[in-house]
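Inside the fold
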Amino acid sequence: AKLKEDFTYNLRLLEERDAELERYDAAFASLRAALRDKESEASELRIAAAEAAHAVAHEREASAEAGRKLEAAVARGREEAEAIRWKREDELQALAAELESAKRTAARRVAEAEEALSAERRDGATALEEHSRSLERGQREVVEAL
């Protein structure tokens, strides 16, 4: 009877251990599946992170290229503005020189015209004097003839 009791006790212990082992096996299988899922998720996240890093690098390069193009455009704009400024300055200097030349020409013409007018006045005054003398002589001759 004691042997049967010990056997039953040991059998129960073995059944409990088998049940516990089955629970451990189930928990282990569940944990293994969860680990596989987490490893798959981590792999997907690593892929996504690599893609994001690639996209960031691409965007940085595109941004740098856009910055270089903008700097080049600004430099071209400055050069064009400077060229226009110099051209306008040259044109203004040419116009100023032309204006100065026109002023000198006009002043010379005015002086020549004033001199010609003065000469005509002198000539006119001389002619008037001669004519007056001639009239006076003519009057004297008429008076003397009377």
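Here, the structure is the one placed above.
Residues numbered from 1 in each chain as written. Predicted model: local features only at pLDDT ≥ 70, side-chain atom pairs only at ≥ 80, totals over all residues. Heavy atoms only, no water.

Before going further, it helps to examine the overall build of the chain. Summing up its helical and strand segments, the chain has 1 helix and 0 strands in all. Computed over C-alpha atoms, the radius of gyration of the chain comes to 61 Å, more than 25% over the 15 Å expected from 2.2 N^0.38 for 146 residues, which places it beyond the range of a compact globule. Dimensions of the chain, computed from the C-alpha atoms along their principal axes, are close to 210 × 20 × 15 Å. For the chain, the exposed area adds up to about 13300 Å²; of that, 58% sits on carbon and sulfur atoms. The positive charge centre, built from 26 side chains, and the negative charge centre, built from 35, are 2 Å apart in the chain. (Helix = DSSP H or I, 4+ residues; strand = E, 2+ residues; numbered from the N terminus. Rg over C-alpha atoms; globule rule 2.2 N^0.38 Å. Areas by Shrake-Rupley, 256 points an atom, 1.4 Å probe, with all protein chains shown as cover. Lys, Arg positive; Asp, Glu negative; His and termini not counted. Charge placed at Lys NZ, Arg CZ, Asp CG, Glu CD.)

The next thing to look at is the pattern of salt bridges. Counting across every chain of the model gives 10 salt bridges. Among the ionic pairs, D6 bridges to K2, the shortest N-O distance being 3.7 Å. On the criterion of helical spacing, the pair formed by D6 and K2 is a turn pair, its members being 4 residues apart in helix α1 (residues 2-145). For D6, a relative accessible area of 31% translates into the label partly exposed. Overall, K2 belongs to the exposed group, its relative accessible area being 58%. E82 serves as the salt-bridge partner of R85, at 2.6 Å between the closest nitrogen and oxygen. A residue pair is termed a helical-turn pair when its members lie 3 or 4 positions apart in one helix, as R85 and E82 do in helix α1 at 3 residues. A relative accessible area of 39% places R85 in the partly exposed class. Judged by relative accessible area, E82 falls into the partly exposed class, the value being 35%. A network of salt bridges, in which partner residues are shared, links E61, E65 and R68. (Salt bridge = Lys/Arg side-chain N within 4 Å of Asp/Glu carboxyl O. Buried < 20%, exposed > 50% of the residue type's maximum accessible area, 1.4 Å probe, protein only.)

In this section: a negative patch on the surface. On the surface, E15, E16, D18, E20, E22 and D25 cluster together to form a negatively charged patch. Among the structural elements, E20 can be located in helix α1. (Patch = residues over 30% accessible without salt bridge, like charges linked within 9 Å, V, L, I, M, F, W, Y side chains within 5 Å.)

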